[in-house]
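# Examining the three-dimensional arrangement
One letter stands for each residue in the lines below.
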Amino acid sequence: MNRRSLTALLLAAAPAAVCMPALAQAVDAARSAVSATFRQMGVPVEGRFARFAGQVVYDPARPADAQARVDVEVASFSLGDPQYDAEVRKPAWFDAARFPRASFAGAGMRPAGGGWQVPGTLTIKGRAVNVVVPLAVRREAGATVFEGSLPIRRLAFGIGEGEWKDTGLLADEVIVKFRLAVPAAAK
Amino acid sequence: MSAMGRISPAVAPPGGYGGTAKALHWLVAALVLAGIAMGLTMVSLPGITPTKLRLFNWHKWIGVTVFALALLRLAWRLAHPAPPLPPSVPLWQRRAAALSHAALYVLLFALPLSGYFYSLAAGFPVVYLGLVPLPEFIGPDPALKQPLVVLHHVFAWTMIALLALHVGAALKHRWVDRDGVFERMLPRRRRPPAAEDARERTREGMPR
């Protein structure tokens, strides 16, 4: 289990670390946000990740060659209540001590509806799951903004183990929302 | 008392509350007691556990139900005044009863409302029975959280104190005064003609 998780983590990290081209741009954290909304007995509760970093390769002329990697510090997840924040770092949830980072690595934007889709790998708690992230691209003053929300199944990542597996108490579906801003190419 | 003439015997037989008033009273009583029991239990549980989260949600649903029933009760009460107290009840007790009943009514609204706004300020909107999202009058607000929870606790302990007084006074009417005041809120088991029921109650209430 331990070794498998580690392997998955390395595999997920490898392409980004090795292949990310030099023209990658860093995500401007001050203008970006990553959050997760879960449902507790029907009540939507949103938590925000305060610390994350990312790199994006994006040329509007060649969306198929776009690449992105985002690393999120799970211990920075906050619901606005210290007691809850401490709880979600525990082994039954994010297990922040063993798996400090959740990551997404994706490549190749393809048009979908009015927006885009990016296939990639989402790794949380050492478990890698293939996902297709829907997103919209917008130009803002001096920045390109990638925005979207991705429904995931928390149990696929072992988020909320033991007595917390009860989806009647805590729904399996969690909505991950992101807004990533990178400086617009100065052409 | 002049109030006597305004009461329709079919709804409130002389000396007693009507069936609707009684049903609302006991339903609200049961819910308030359950809400208080859950509230005291959940805040005493350490950490975050599934049981605690369930209790929190049930507690909120009970509060919402109490609020709705309190609205009904208030409307009903305004349309159907309470039966008059027997002449044997001294003036200070009449005043104390009126005052404490008014305070209980106020708390039936204030206690759920303060909890509702505390929940909103804490970032947990209330979804009734896990199905119906209720209005979010305010968003998450860390600055309001603390004052609202203090207010909720003050209201809760005031409610507990007033309930002790309420139950104590009711039992005094039953066991010490024996004036029939306690019996007017008891559910009727049978449905005898109103007059017979009232006579029976009077006999029971005043053994001398």
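From a predicted model like this one, the values you see are computed outputs, not experimental measurements.

## A few points about the overall build of chain A
Per the secondary structure count, chain A includes two helices and 12 strands. N-terminal to C-terminal, the α/β element order of chain A is α-β-β-β-β-β-β-α-β-β-β-β-β-β. In chain A, once contacts between residues fewer than 6 apart in sequence are set aside, the share between residues at least 24 apart is 61%. Total accessible area on chain A is roughly 9,400 Å²; 58% of this is exposed by carbon and sulfur atoms.

## Description of the overall build of chain B
The helix and strand tally for chain B stands at five helices and two strands. Traced from its N-terminal end to its C-terminal end, chain B shows the element sequence α-α-α-β-β-α-α. Here chain B holds 208 residues, and the buried ones make up 40% of them. Taking the contacts inside chain B whose residues are at least 6 apart along the sequence as the reference set, 68% of them involve residues at least 24 apart. Summed over its atoms, the accessible surface of chain B is roughly 11,900 Å², and 72% of this surface lies on carbon and sulfur atoms.

## A word on the interface of chain A and chain B
By convention, interface size is frequently given as the accessible area that disappears when the constituent parts associate. Residue-level contacts link 15 residues of chain A with 16 residues of chain B. The junction of chain A with chain B conceals about 1,500 Å² of combined surface from both sides, 65% of it contributed by carbon and sulfur atoms. The tally of links between chain A and chain B comes to two salt bridges. When the shortest N-O distance is used, the salt bridge between Asp 166 of chain A and Arg 54 of chain B registers 2.7 Å. On the surface where chain A and chain B come into contact, there are one residue pair in polar contact (both at pLDDT 80 or more). For the side of chain A that touches chain B, the elements supplying multiple residues, two or more each, are strand 3 (43–49) and helix 2 (82–87) of chain A.

## Looking at the nonpolar core
Counting residues in each nonpolar core, the largest one holds 51 residues, and the members touching the most others are Phe 94, Leu 122, Ile 124 and Ile 152 of chain A. Residue contributions to this core peak at five residues, all from strand 12 (residues 173–183) of chain A. The next biggest cluster of nonpolar side chains, apart from the first, holds 21 residues, and it includes Val 28, Ile 36, Leu 107 and Leu 162 of chain B.

## A few points about the confidence of the model for chain B
Residue and element names in this part refer to chain B. Confidence in the prediction for chain B averages 87 pLDDT; 83% of positions are at 70 or higher. This stretch, residues 195–208, has a pLDDT under 50; its non-local contacts, to residues over four places away or in other chains, come to 15 contacts. Among the prediction metrics, the complex's ipTM stands at 0.76, with pTM recorded as 0.80.

## Side note on the layout of surface pockets
When its volume is computed, the second largest pocket comes out at roughly 1,000 Å³. Contributing to the lining of the second largest pocket are 46 residues, with Met 42, His 59, Gly 115, Tyr 118 and His 152 of chain B lying nearest its centre. If you list the elements that add at least two residues to the lining of the second largest pocket, you get helix 2 of chain A together with helix 1 (19–44), helix 2 (50–79), helix 3 (91–121) and helix 4 (142–177) of chain B. For the lining of the second largest pocket, the per-class residue count stands at 32 nonpolar, 10 polar and four charged.

## Structural notes on empty space enclosed by the protein
Rolled over the atoms, a probe sized like a water molecule indicates the empty space that remains. Residue and element names in this part refer to chain A. Applying the stated criterion across every chain, the model contains one cavity of 30 Å³ or more. In this structure, the largest cavity spans a volume of roughly 800 Å³. Forming the boundary of the largest cavity are 46 residues, of which Val 34, Ala 36, Phe 49, Ile 124 and Val 176 lie nearest the centre. Per-element accounting of the lining of the largest cavity gives the leading share, five residues, to strand 7 (residues 101–107). Looking at the lining of the largest cavity, its residues break down into 39 nonpolar, five polar and two charged.

## What to know about the side chain of Asn 57 of chain B
If you trace the backbone, Asn 57 of chain B turns up in helix 2. By relative accessible area, which is 2% here, Asn 57 of chain B ends up buried. For Asn 57 of chain B, the contacting residues outside a window of four places in its chain are Gln 40, Met 41 and Val 43 of chain A.

## Some points on the pattern of salt bridges
A side chain of one charge can pair with a side chain of the opposite charge if their charged atoms are brought near each other. Tallying each qualifying case throughout the model produces 18 salt bridges over all chains. Linking Lys 172 of chain B and Asp 177 of chain B is a salt bridge whose minimum nitrogen-to-oxygen distance equals 2.9 Å. Given the relative accessible area of 27%, Asp 177 of chain B is considered partly exposed. It is possible to trace a salt-bridge network through shared partners that takes in Arg 31, Arg 138, Glu 140, Glu 147 and Arg 179 of chain A.

## Let's talk about the environment of Phe 155 of chain B
Residues and elements named next belong to chain B. Of note, Phe 155 is situated in helix 4. Residues Phe 155 and Leu 107, spaced 48 residues apart in sequence, show a C-alpha to C-alpha distance of 6.8 Å. With near-sequence residues (within four places) excluded, Phe 155 lies in contact with Leu 107, Ala 110, Leu 111 and Ser 114.

## A look at the pairing of strand 7 of chain A
All names here are of chain A. Most of strand 7 sits out of view: five of its seven residues are buried. Pairing between strand 5 (residues 67–73) and strand 7: seven bridges, direction antiparallel. Counterpart to Ala 68 in the pairing with strand 7 is Gly 106. Relative to strand 9 (residues 115–124), strand 7 is paired through four bridges, and the arrangement is antiparallel. Opposite Phe 104, over in strand 9, you have Leu 122 as the bridge partner.

## Here we look at a nonpolar patch on the surface
Taken together, the side chains of Val 167, Leu 171, Trp 175 and Val 176 of chain B define a hydrophobic patch exposed on the protein surface, amounting to about 420 Å² of accessible area. With respect to the secondary-structure elements, Val 167 of chain B resides in helix 4.

Reading the values: the criteria
Residues numbered from 1 in each chain as written. Chains lettered and ligands numbered in written order. Predicted model: local features only at pLDDT ≥ 70, side-chain atom pairs only at ≥ 80, totals over all residues. Heavy atoms only, no water. Helix = DSSP H or I, 4+ residues; strand = E, 2+ residues; numbered from the N terminus. Contact = heavy atoms within 4.5 Å. Areas by Shrake-Rupley, 256 points an atom, 1.4 Å probe, with all protein chains shown as cover. Buried < 20%, exposed > 50% of the residue type's maximum accessible area, 1.4 Å probe, protein only. Buried area = accessible area lost by both parts, 1.4 Å probe. Salt bridge = Lys/Arg side-chain N within 4 Å of Asp/Glu carboxyl O. Polar contact = N/O pair within 3.5 Å; in protein donor to acceptor, adjacent residues only side chain to side chain. Core = buried A, V, L, I, M, F, W, Y, C linked by side-chain atoms within 4.5 Å. pLDDT = per-residue confidence, 0-100. 1 Å grid on protein atoms, 1.4 Å probe; cavity = no way out; pocket = protein on both sides within 12 Å on 5 of 7 lines; lining within 4 Å. Points joined across faces, edges and corners; volume = space filled by probe spheres on them. Nonpolar A, V, L, I, M, F, W, Y, C, P; charged D, E, K, R; others polar. Pairing = 2+ DSSP bridges. Patch = residues over 30% accessible without salt bridge, like charges linked within 9 Å, V, L, I, M, F, W, Y side chains within 5 Å.

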